[in-house]
Amino acid sequence: MTLRIVFMGAPDFAVPSLRAIANAGHEIAAVYTQPPRPAGRRGLSELPTPVHKAALELGLTVRTPEKLKSTEDQDALSALNADVGVVVAYGLLLPAPILEAPKHGCLNFHPSDLPRWRGAAPIQRTIMAGDASTAACVMRMDIGLDTGPVCLREPFDIPSGMTAGALHDVMSERGALMLVRALEMLANSTLRCMPQTDDGATYAAKIDKAEARIDWTQPAAAVAAHVNGLSPFPGAWFAVGETGSTKTSTDRVKVFTATSGEASSSPAAPGTVCAGDDNLTVRCGDGGTVTLGDVQRAGKKRVTAEEFRRGAELREGMRLPI
């Protein structure tokens, strides 16, 4: 049995779900996504979202309202007479009339082990917190923020050193498969959803660029989790000085991966460049170390930490700015 669906999503993360639902043979009455936004700093042109582009490739109707709070927008969605709404990283809070318009309400894919990490940045917060495991969830939406009953849950063990970017890709593909399965169960009247509790609930606040700077005074494991949780965007960074003939400047250096190491018995302040091979290893607040992977100096290309260390002339015992 096929269902008549309204799909809501915006970024690359949601595209596999849209394609999978279309390939499963369901009727997609309309795709709702964010309006095109100016591209680049000068805003010379506007770019559609990845979901917008994918929907057009699939020959689907696309709608791009700024908000869904007006009676006009709500009536327009209701007039689609959808069986169910499917929401994946849409980026707008849906008011009650929108949630209630489809016959069976709205299903949402959320990439965390609900009720842990409700909110805007569950993938990044999961890695930044050093969680050893997570889950992918399909839930029936209610008026709260990711508080609806969970219909499907798939646990996932997080490999050591996994970045937010890698977890993003895993969750994106997993979400597509789970939503197709949830829709099949809904069509067969076998989808069962269990209410969430607030026990263990945490909020995954949107990432603020101000929190991206690396704090070498933190424990090594926390520094590594911070780096990996912000990779590839917006990217954790540290400062490094550069001395010229007339002045001394400080550049930001973006870090793509980090691995924590054991504490050393030799005393050194946090931020101190350690001895050893050509890798860039830095002492942290608990005496442990982090070894950095690829890095990118502001305005430069991405390079290995070994290449950067040589070019920046970072020697054993030098201390990076805190």
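Residues numbered from 1 in each chain as written. Predicted model: local features only at pLDDT ≥ 70, side-chain atom pairs only at ≥ 80, totals over all residues. Heavy atoms only, no water.

**Q** Any chance you could explain the overall build of the chain here in plain terms?
**A** Summing up its helical and strand segments, the chain has eight helices and 18 strands in all. Its C-alpha atoms put the chain at 70 × 45 × 30 Å along the principal axes. Expressed as a percentage of its 322 residues, the buried residues of the chain come to 46%. Taking contacts inside the chain between residues at least 6 apart in sequence as the whole, the part at least 24 apart equals 66%. Charged side chains of the chain number 33 positive and 35 negative; the gap between the two group centres comes to 5 Å. (Helix = DSSP H or I, 4+ residues; strand = E, 2+ residues; numbered from the N terminus. Buried < 20%, exposed > 50% of the residue type's maximum accessible area, 1.4 Å probe, protein only. Contact = heavy atoms within 4.5 Å. Lys, Arg positive; Asp, Glu negative; His and termini not counted. Charge placed at Lys NZ, Arg CZ, Asp CG, Glu CD.)

**Q** I'm lost on the state of the cysteines in this one. Help?
**A** As used in these notes, a disulfide is a covalent bond between sulfur atoms, one from each of two cysteines. Considering all chains together, one arrives at one disulfide under this definition. With no disulfide partner, Cys106 has as its closest neighbouring cysteine sulfur the one in Cys151, 12 Å distant. Counting only cysteine sulfurs, Cys151 is the nearest neighbor of Cys137, a cysteine outside any disulfide, at a range of 9.6 Å. (Disulfide = S-S within 2.5 Å.)

**Q** Where do I start with the packing of aromatic side chains in this structure?
**A** Two descriptors summarise a pair of aromatic rings, namely the distance from one centre to the other and the angle between the planes of the rings. One pass over the full model with this rule turns up three aromatic pairs. Centre to centre, the rings of Phe13 and Phe109 are 6.1 Å apart; their planes meet at 25 degrees, and the pair counts as stacked. One end of the pair, Phe13, is in the loop between strand E1 (4-9) and helix H1 (15-23); the other, Phe109, is in strand E7 (residues 106-110), with 96 residues separating them in the sequence. Under the relative-accessibility criterion, Phe13 is labelled buried at 8%. For Phe109, a relative accessible area of 3% translates into the label buried. Over the ring of Trp237 we find Arg252, and its NZ or CZ is 4.0 Å from the ring centre. Directly above the aromatic system of Phe256 lies the positively charged group of Arg302, at a separation of 3.7 Å from the ring centroid. (Phe/Tyr/Trp six-rings, centres within 6.5 Å; stacked < 30°, edge-to-face > 60°. Lys NZ or Arg CZ within 6 Å of the ring centre and 35° of its normal.)

**Q** Honestly, the side chain of Thr33 in this entry has me stumped. Any pointers?
**A** Within the secondary structure, Thr33 sits in the loop between strand E2 (27-32) and strand E3 (37-39). Here the side chain of Thr33 touches Thr49 through a polar contact of 2.7 Å, side chain to side chain. In contact with Thr33, other than residues within four places in its own chain, are Gly9, Ala10, Thr49, Val51, His52, Val62, Arg63, Thr64, Pro65 and Tyr90. (Polar contact = N/O pair within 3.5 Å; in protein donor to acceptor, adjacent residues only side chain to side chain.)

**Q** Looking at this structure, how should I read the pairing of strand E9 (residues 133-140)?
**A** E9 sits mainly inside the fold: six of its eight residues count as buried. Judged from the four bridges that link them, E7 and E9 form a sheet pairing that is antiparallel. By the bridge assignment for E9, Phe109 is matched with Val138. Both E9 and strand E10 (residues 150-157) contribute to a ladder of seven bridges, which runs antiparallel. Within E10, the position partnered with Ala135 by the bridge is Pro155. (Pairing = 2+ DSSP bridges.)

**Q** For this particular structure, what's the right way to read helix H6 (residues 164-187)?
**A** An α-helical turn contains 3.6 residues, so any two residues separated by three or four positions project in the same direction. Between its terminal C-alpha atoms H6 stretches 34 Å, which fits the 34 Å expected from 24 residues at 1.5 Å a residue. Ser189 occupies a position one or two residues after H6 and carries a positive phi of about 60 degrees. (Expected span 1.5 Å × (residues − 1).)

**Q** Got a minute to help me understand the nonpolar core in this structure?
**A** Grouped together as the largest cluster of nonpolar side chains are 38 residues, with contacts concentrated most on Phe7, Leu18 and Phe109. Tallying contributions element by element places H6 first for this core, with nine residues. With residues near it in sequence (within four places) discarded, Leu18 still touches Phe7, Ile28, Val31, Val51, Ala54, Ala55, Leu58 and Leu60. Judged by nonpolar contacts, the second largest core, of 32 residues, contains Ala121, Val223, Val253 and Leu292. (Core = buried A, V, L, I, M, F, W, Y, C linked by side-chain atoms within 4.5 Å.)

**Q** For this particular structure, what's the right way to read the packing of H1 against helix H2 (residues 50-57)?
**A** Helices that pack against each other are described as a pair by the angle of their axes relative to one another and the distance between those axes. Two elements in contact, H1 and H2, have axes whose closest approach is 9 Å; the angle formed by their N-to-C orientations is 20 degrees. With respect to each other, H1 and H2 are oriented roughly parallel. In this structure, H1 meets H2 at a crossing whose hand is right-handed. Across the interface between the two elements, Val15, Leu18 and Arg19 of H1 pack against Pro50, Val51, Ala54, Ala55 and Glu57 of H2. Classifying every residue of the contact of H1 with H2 gives six nonpolar, no polar and two charged. (Axes fitted to C-alpha atoms, helices over the stretch in contact; angles between N-to-C directions. Parallel < 35°, antiparallel > 145°, perpendicular 65-115°, else oblique. Left-handed = near helix turned anticlockwise from the far one by under 90°. Nonpolar A, V, L, I, M, F, W, Y, C, P; charged D, E, K, R; others polar.)

Read these as spatial facts, not as claims about activity.
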